[in-house]
Amino acid sequence: MRKAWAICGFSVFLAAVFVFFGGMRFGYSVASVSFLAAAGAILGAIGAPEIEPKVFRYPALWQMSFATIGCLLLAAAMDSPIEGYMLAILAGLILGYLAPLWIKHIQAP
C-alpha cells in the first residue's frame, strides 16, 4: 500500500513540474494550469507501472485506461465531434498498449 501512495505522489509531482515549467511558457491562466496539470498527472499515471511494476497487477490495462482518459480529455478540450472521440479511444488504447516502449523517452517540459 505504501508503494501505491508513492506512485500517486509521483503523479502529483509530475503534474506540479508540468504546471511550473509549462506555465513559464504558456502563462498561468486557469485553463493552461488545469491542462498542464492534467497532462502531467496522466503521464505520471501512464508511467507508474514502469517505475514500480510489482505494485500493479495488470500494468497494460492500467496504462491503456489512463492513456484513453488522456486522449478523451484532449478531444473534449478541442470540442471534437463524435468521430474525434472515437479516434481518441482508439489512439488511447494504442498509446497505452505501447507505453512500455515510449514512456521512458518522456522528459519534463
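The shown structure was predicted, so the numbers you read here are calculated from the model rather than taken from an experiment.

Caption draft 1: Looking closely at the overall build of the protein. Counting its regular elements, the protein contains five helices and zero strands. The N-to-C order of helical and strand elements in the protein reads α-α-α-α-α. A globule of 109 residues ought to have a C-alpha radius of gyration of about 13 Å, and the protein, at 14 Å, matches this closely. Projected onto its principal axes, the C-alpha coordinates of the protein cover approximately 35 × 35 × 25 Å.

Caption draft 2: The side chain of Q63, seen in detail. Counting through the fold element by element, Q63 comes out in helix α3 (residues 59-77). When its relative accessible area of 1% is taken as the criterion, Q63 is described as buried. Here the side chain of Q63 touches E50 through a polar contact of 3.2 Å, side chain to side chain. Beyond its immediate chain neighbours, meaning those up to four positions away, Q63 contacts I46, P49, E50, G96, A99 and P100.

Caption draft 3: Looking closely at the nonpolar core. Core analysis: the biggest nonpolar cluster contains eight residues, these being L14, F18, I42, L43, I46, A67, A99 and I103. Of all elements in the fold, only α1 (2-26) and α2 (30-51) reach the threshold of two or more residues within this core. Broken down by element, this core gets its largest block of residues, three residues, from α2.

Caption draft 4: Broad picture of the environment of W62. Tracing the backbone shows W62 in helix α3. Classification of W62 as partly exposed rests on a relative accessible area of 32%. Spatially, the C-alpha atom of W62 lies 26 Å from that of D79, the residues being 17 residues apart in sequence. A polar contact of 2.6 Å, which involves the side chain of W62, links it to the backbone oxygen of A45.

Caption draft 5: Structural view of α2. With 22 residues, α2 ought to run about 32 Å at 1.5 Å a step, and its terminal C-alpha atoms sit 30 Å apart, in line with that. At A45, α2 shows its strongest bend, of approximately 30 degrees, with the proline P49 following within four residues. For α2, the full list of buried residues reads S32, L36, G40, I42, L43, G44, A45, I46, G47, A48 and P49.

Caption draft 6: Highlighting the packing of aromatic side chains. Here the structure, examined in full by the defined rule, presents three aromatic pairs. Seen in terms of ring centroids, F20 and F21 are 4.9 Å apart; in terms of plane orientation they differ by 80 degrees. Their pairing is edge-to-face. According to the relative accessible area criterion, F20 is partly exposed, its value standing at 44%. Judged by its relative accessible area of 40%, F21 falls in the partly exposed class. With a centroid separation of 4.9 Å and an interplanar angle of 55 degrees, the aromatic rings of F56 and W62 are classed as tilted. Cluster of aromatic residues (ring-pair linked, three or more members): F56, W62 and F66.

Caption draft 7: Up close: the confidence of the model for the protein. On average, residues of the protein score 84 in pLDDT, and 94% of them are at 70 or above. The secondary-structure element of the protein with the lowest mean pLDDT is α1, recorded at 78, while helix α4 (residues 82-97) shows the highest, at 94.

What counts, and where the lines are drawn
Residues numbered from 1 in each chain as written. Predicted model: local features only at pLDDT ≥ 70, side-chain atom pairs only at ≥ 80, totals over all residues. Heavy atoms only, no water. Helix = DSSP H or I, 4+ residues; strand = E, 2+ residues; numbered from the N terminus. Rg over C-alpha atoms; globule rule 2.2 N^0.38 Å. Buried < 20%, exposed > 50% of the residue type's maximum accessible area, 1.4 Å probe, protein only. Polar contact = N/O pair within 3.5 Å; in protein donor to acceptor, adjacent residues only side chain to side chain. Contact = heavy atoms within 4.5 Å. Core = buried A, V, L, I, M, F, W, Y, C linked by side-chain atoms within 4.5 Å. Expected span 1.5 Å × (residues − 1). Bend = angle between axes of the 7 residues up to and from the residue. Phe/Tyr/Trp six-rings, centres within 6.5 Å; stacked < 30°, edge-to-face > 60°. pLDDT = per-residue confidence, 0-100.

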